[in-house]
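Chain by chain, the residues run as shown.
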Amino acid sequence: MSTERHEQLRRTVREFAALEVAPRVAAMERDQAVDGELASLIAAQGWIGATIDPRWGGMGAGHEAKTIIVEELSRVSAAAGAIAQASQLGVAKIALFGSPEQQQTWLPAIAAGSVLPTIAVTEAGSGGHVLGMLSTARRRGGSYVLNGKKCFVGNSHVGALHGVVVRTGPGSRGLSAFLVEADRRGVGLEPHKRQLGLHGFSFGTITFDNVEVPASAVVGEVGDGLAVAYSSSILFGRPNLAAVALGLHHAVLERTTAETGTRVRYSRPLGDLPVVQDKLGRMQARLDSARALAYKAAARLDRGLPCDSLLIASKHEAVKALLDSVRQGMEIHAAAALDADSQMARLMRDSWCIEPPAGTSDVQAHRLAQHLLHPGRHPDWSERFAEQLKTRAEQAGADAPAPVPVAEGAGR
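Quick caveat: nothing in here was measured; it's all calculated off a predicted structure.

A. Structural context of the pairing of strand β4 (residues 161-167). Where burial is concerned, most of β4 is hidden: 7 out of the 7 residues are buried. Burial along β4 is two-sided: L161, G163, V165 and R167 and H162, V164 and V166, pointing in opposite directions, are all buried. Examined bridge by bridge, strand β1 (residues 117-120) and β4 share 4 bridges and lie parallel to one another. Across the sheet, T118 pairs through a bridge with H162, a residue of β4. Of the pairings in the sheet, the one linking β4 to strand β5 (residues 175-181) comprises 7 bridges and is antiparallel in character.

Structural data, given as structure tokens:
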């Protein structure tokens, strides 16, 4: 995709967010219910298919475009950005591991917006320790029977197709992934619970009670479950969440800058105080640095270049930078931000919801250290899938380097 196409996409998403998302935010915050209509509206734009090959009806626009979509939605509502990124994450397992039949069945529907996919890996008893999961699938003739419970599933209450990783045997090769329709007998949903933030988005619990699926529902090969989970998380999950963090960060900076221009202290705008200017300058610098890293990682991914460490670092740095700026934004707003209905309070709540998914910052730092200390020990997923990723980028015309976009507006 050319730079002009990137910018046109940014304008399109920004306009959609202003017209369709912004008017919903107040009700989403008030009701704290799942906004299924918003999920359908986002899907109908075709944006869940940002990385889906055009032969399946997708945009074939690559990960830079996906980052733009999620960032711009998240500037207005992190819940909207989370809806988009969670199902874009759900695409990964089918695009990278799916059989031709699975791709032909599901990718056109996902690209068209009629099916929202999810990925269900995490369990309450094991958290980020994927190999500690207890949910199982047992072979029975030409089928598998799934039992267990998955929590913190993005788009749990609006998803129509779940990618479920469960245990089929012992050890690291004892995990397998399955495509399970949400309306299949035995699939259940626990009631939606109010969360700290991301109101309107669902990341709930799905139960599997003797759910029978055909053997053709296996994604990749039996035993590929760990690879499906890890590759999806690194290649899609980390950069997706970095994009949500970028959008939130921009909103925090805009809100705080506006506050310093309208609030008066000592007969002068608050922004005239050197201590406040120092905080604003640091916030802007963090945002620009995080954006540069995130877009560099996405560009390398699109061009088929090894970048696992960059993808992990992009999530680590984007979230860390965001939370540091949220703290300073709260300091500048002071007691005014303690009103639970204020925009700054919402941004603070939403920001903390981006830290745990796809691994906390401690997990990201641990993974980066492993890459540094033990090179070659862990699979480099961006290298393994380089040809598929590069092909999609070339179809979108992205083989020419594009300049990294710089944050606009606030603080300049």
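Alright, that's what it looks like, and here's the rest.
B. Broad picture of the state of the cysteines. Overall, the coordinates contain 0 disulfides when judged by the stated rule. Here C151 is not disulfide-linked; the sulfur of C353 is the nearest cysteine sulfur, at 14 Å.

C. Local environment of the environment of I234. Here I234 shows up in helix α7 (residues 225-262). Between the C-alpha atom of I234 and that of L311, which follows or precedes it by 77 residues, the distance is 6.6 Å. Aside from chain neighbours lying at most four places away, what touches I234 is P239, D308, L311, I312 and W381.

D. The pairing of β5, seen in detail. For β5, the buried fraction is high: 6 of the 7 residues fall into the buried class. Where β5 and strand β8 (residues 218-219) come together, 2 bridges link them in antiparallel fashion. From the neighbouring strand, F178 faces β8, where its bridge partner is V218.

E. Spotlight on the nonpolar core. In this structure, I42, L73 and I110 are the most contacted members of the largest nonpolar core, which totals 99 residues. Counting residues per element, this core draws most heavily on α7, at 17 residues. One finds V153, V180, F208 and V213 within the second-largest nonpolar core, a separate group that totals 16 residues.

F. Here's a closer look at α7. Look at α7: 53 Å from first C-alpha to last across 38 residues, which is about the 56 Å you get at 1.5 Å a residue. At S233, α7 is deflected by roughly 40°, the largest bend along its length. Taken across its 38 residues, α7 has 32 buried, putting it largely inside the fold.

G. Representation of the side chain of D308. Mapping D308 onto the fold places it in helix α9 (residues 308-333). Buried charged residue D308 carries no salt bridge. Nearest counter-charge: R238, at 8.9 Å. Not counting residues up to four positions away in its chain, the partners in contact with D308 are I234, L235, H371, P379, D380, W381 and S382.

H. Molecular detail of helix α11 (residues 361-373). Taking 1.5 Å of rise per residue, the 13 residues of α11 would be expected to cover 18 Å, and the 18 Å separating its terminal C-alpha atoms lies within 8% of that figure. Those residues of α11 that fall on the buried side of the exposure criterion are S361, Q364 and Q370. Elements that come into contact with the buried residues of α11 comprise α7 and α9.

I. Expanded view of the packing of aromatic side chains. Scanning the model with the defined rule gives 5 aromatic pairs in all. With a centroid separation of 5.4 Å and an interplanar angle of 70°, the aromatic rings of F97 and F385 are classed as edge-to-face. Of this pair, F97 sits in helix α5 (residues 78-97) while F385 sits in the loop between α12 (381-384) and α13 (386-395), and the two are 288 residues apart along the sequence. Classification of F385 as buried rests on a relative accessible area of 3%. One aromatic cluster is present, built from ring pairs that chain together F97, W381 and F385. When the ring centre of Y230 is taken as reference, the NZ or CZ atom of R367 above it lies at 5.6 Å.

J. Representation of the packing of helix α8 (residues 274-302) against α9 in the model. In contact at an axis separation of 9 Å, α8 and α9 are set at 160° when each is read in the N-to-C sense. Taken as axis vectors, α8 and α9 run roughly antiparallel relative to one another. Here the hand of the crossing between α8 and α9 comes out left-handed.

K. Just the pattern of salt bridges, in detail. All chains considered together, the criterion is met by 26 salt bridges. Between E4 and R11 there is a salt bridge, with the nearest N and O atoms lying 2.9 Å from each other. Ionic pairing is found between K150 and E123, a salt bridge with its closest N-O pair at 2.8 Å. Within this pair, whereas K150 is found in strand β3 (residues 143-154), its partner E123 is found in the loop between β1 and β2 (136-140), the two being separated by 27 residues in sequence. The same class applies to K150 and to E123, which are both buried. If you follow the salt bridges from partner to partner, you end up with E7, R10, R14, E71, E72, R75, E254 and R291 in one network.

What counts and how
Residues numbered from 1 in each chain as written. Predicted model: local features only at pLDDT ≥ 70, side-chain atom pairs only at ≥ 80, totals over all residues. Heavy atoms only, no water. Buried < 20%, exposed > 50% of the residue type's maximum accessible area, 1.4 Å probe, protein only. Helix = DSSP H or I, 4+ residues; strand = E, 2+ residues; numbered from the N terminus. Pairing = 2+ DSSP bridges. Disulfide = S-S within 2.5 Å. Contact = heavy atoms within 4.5 Å. Core = buried A, V, L, I, M, F, W, Y, C linked by side-chain atoms within 4.5 Å. Expected span 1.5 Å × (residues − 1). Bend = angle between axes of the 7 residues up to and from the residue. Lys, Arg positive; Asp, Glu negative; His and termini not counted. Salt bridge = Lys/Arg side-chain N within 4 Å of Asp/Glu carboxyl O. Phe/Tyr/Trp six-rings, centres within 6.5 Å; stacked < 30°, edge-to-face > 60°. Lys NZ or Arg CZ within 6 Å of the ring centre and 35° of its normal. Axes fitted to C-alpha atoms, helices over the stretch in contact; angles between N-to-C directions. Parallel < 35°, antiparallel > 145°, perpendicular 65-115°, else oblique. Left-handed = near helix turned anticlockwise from the far one by under 90°.

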